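What follows is the residue order along each chain.
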Amino acid sequence: MRLQVVKAEAFGARAASQAIETLQRNPHAVLGLPTGHTPIPLYRTLLAKAAAGAVDLSQMRVAMLDDYLGAQHGNEVSFYHWLQEHFLRAAGIGDDRTLAIPTRAETIAADCEAYERRLREWGGCELLFLGLGRNGHIGFNEPGSGKDTRTRAVRLSESSRAANADYWTENAAIPEQGVTMGIGTILEARQIVLLVSGADKREILRRVLEGEPSAEAPASWLQQAPQALALADEAAAGRPAE
Ligand code: GLP
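Starting from 1, residues in each chain are numbered consecutively following that chain's sequence as written. Confidence filtering applies because this is a predicted model: local features only for residues at pLDDT of at least 70, side-chain atom pairs given and counted only at 80 or more, and all residues used for totals across whole chains, interfaces and linings. As a rule here, side-chain values cover all heavy atoms of the structure and leave hydrogens and water aside.

Chemist: Just to check I follow, could you spell out the site of the ligand for this structure?
Modeler: Throughout, the term near means that a residue has one or more heavy atoms lying within 4 Å of the molecule or strand in question. The environment of the ligand is formed by 15 residues, the closest being His37, Thr38, Asp66, Tyr167 and Lys201. Polar contact is defined as a pair of N or O atoms within 3.5 Å, subject to the rule that within protein one atom must be able to donate a hydrogen and the other to accept it, and that residues adjacent in sequence are counted only when both atoms are side-chain atoms. Asp66 is positioned with one of its side-chain polar atoms (N or O) 2.8 Å from a nitrogen atom of the ligand. With respect to the ligand, the side chain of Lys201 contributes an N or O atom lying 2.7 Å from an oxygen atom. Here the Shrake-Rupley method, with its probe set to 1.4 Å, supplies the accessible areas, and only the displayed protein chains count as covering residues. Across the complex, the protein chains shield 96% of the 390 Å² of accessible surface that the ligand would expose by itself.

If you want it as structure tokens, here you go:
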């Protein structure tokens, strides 16, 4: 995995330029998309570029990265809802072009297999964006997640549940389990961009880049992915932009 450091104000534009290049090569490309605070500048920039006619989002397809087990799609506390609100609706990307992470507890194992099958039928992720959890998670692959894991339900750590609380209105109940694209699934993407911003991610980013790859900080598996780029702002990287 390579590291590129950019100024905070250039973070969204640099991430968006990778999506735009991919879509210019293949307007039908499947982009894997995360939720959270970090990708917001990416989504804002992509929507602005689309409004200005600089990119065509009318055929791209989206594979979601993660969600909560048991989340209802209409419910505010769901990543599907979050992605609708922050990107999909404004981009005009409907359910026919969105591969949602399954959330139905009763059938989750079979639904995760169906998600993987569908992703393969779509040709896999051409470009997958990821955020970085403070404990080194990517998606909801919490510490302990091995390199070969596939899309599945997982128990969330207390620190991840606490960090997730500020995505939603005060006192929202954060589910105890999530569902995530697995590490093995993530590593099959043809391009991967790990988005990291803010000084509070500096220490974990250093571990992820420099520590021995291990399940203790699952994002460190990306060191073994030559197609991966860590895109960090100066605060997260702890050094000036190139
Ligand atoms: C969350 C999500 C991840 C996200 C990460 C970082 O818990 N499961 O998909 O990328 O943590 O979130 P943020 O960008 O808000 O720091």
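Chemist: Where do I start with the pattern of salt bridges in this structure?
Modeler: Just to be clear on terms, a salt bridge is a Lys or Arg side-chain nitrogen sitting within 4 Å of an Asp or Glu carboxyl oxygen. Under the counting rule described, the total for this entry stands at twelve salt bridges. For Glu176, the salt bridge is made with Arg155, and the minimal N-O distance between the two is 3.6 Å. Residue Glu176 is found in the loop between helix H5 (158-164) and strand S8 (177-180), and its partner Arg155 is found in strand S7 (residues 152-155); the two are separated by 21 residues along the sequence. Accessibility here uses a 1.4 Å probe with only protein chains present; expressed as a share of the type maximum, an area under 20% marks a residue as buried, one over 50% as exposed, and anything in between as partly exposed. Exposure remark for Glu176: the relative accessible area of 49% places this residue in the partly exposed category. A relative accessible area of 54% means that Arg155 is categorised as exposed. Between Glu210 and Arg206 there is a salt bridge, and its shortest N-O distance comes to 3.5 Å. Remark: Arg206 and Glu210 occur in helix H7 (residues 202-210); sequence separation between them is four residues, near one turn of the helix. We classify Glu210 as exposed; its relative accessible area is 59%. Residues joined in a network through salt bridges with shared partners are Glu116, Arg150 and Glu188. Numbering of helices and strands runs from the N terminus, with a helix taken as a DSSP run of H or I at least four residues long and a strand as a DSSP run of E at least two residues long.

Chemist: Got a minute to help me understand the packing of helix H1 (residues 11-25) against helix H2 (residues 40-51) in this structure?
Modeler: Helix packing for two helices is described by the angle between their axes and how far apart those axes are. Taken N-terminus to C-terminus, the directions of H1 and H2 make an angle of 60°; their axes are 8 Å apart at the nearest point. Comparing the axis directions of H1 and H2 gives the class oblique. Regarding H1 and H2, the two cross each other, and that crossing is right-handed. Between H1 and H2, the contacting residues are Phe11, Gly12, Ala13, Ala15, Ala16, Ala19 and Ile20 on the first element and Pro41, Leu42, Thr45, Leu46 and Lys49 on the second. Each residue gets one of three labels, nonpolar for Ala, Val, Leu, Ile, Met, Phe, Trp, Tyr, Cys and Pro, charged for Asp, Glu, Lys and Arg, and polar for the others, Gly among them. Here the contact of H1 with H2 is built from residues that sort into nine nonpolar, two polar and one charged. Interaxial angles span 0 to 180 degrees and are taken between N-to-C directions of axes, which are lines fitted to C-alpha atoms, for helices over the stretch in contact. An angle below 35 degrees is read as roughly parallel, one above 145 as roughly antiparallel, one from 65 to 115 as roughly perpendicular, and any other as oblique. Whether a crossing is left-handed or right-handed is set by the direction in which the near helix is turned from the far one by less than a right angle, anticlockwise for left-handed and clockwise for right-handed. Here a residue-residue contact requires only that any non-hydrogen atoms of the pair lie within 4.5 Å.

Chemist: Explanation requested: the nonpolar core in the structure shown.
Modeler: The nonpolar side chains of a soluble globular protein tend to be buried with one another. What is meant by a nonpolar core is a set of buried Ala, Val, Leu, Ile, Met, Phe, Trp, Tyr and Cys residues, joined one to another through side-chain atoms within 4.5 Å. Counting residues in hydrophobic clusters, the biggest one holds 78 residues, and the most contacted among them are Phe87 and Phe129. Not counting residues up to four positions away in its chain, the partners in contact with Phe129 are Ala15, Ala19, Leu31, Gly32, Leu33, Pro34, Leu42, Leu65, Val193 and Leu195.

Chemist: What is the right way to look at the packing of aromatic side chains in this model?
Modeler: Working definition: an aromatic ring pair is given by the centre-to-centre distance plus the angle between the planes. Between rings of Phe, Tyr and Trp, where Trp is taken as its six-membered ring, a pair exists when centres lie within 6.5 Å; planes separated by under 30 degrees are stacked, by over 60 edge-to-face, and by other angles tilted. Enumeration according to the criterion identifies nine aromatic pairs in this entry. Each ring, one from Tyr43 and one from Phe87, has its centre 5.0 Å from the other, and the planes form 25°; the classification is stacked. Here Phe87 lies in helix H3 (residues 79-91) and Tyr43 lies in helix H2, a separation of 44 residues in the sequence. Centroid distance Phe79 to Phe140: 5.5 Å. Interplanar angle 20°. Geometry classified as stacked.

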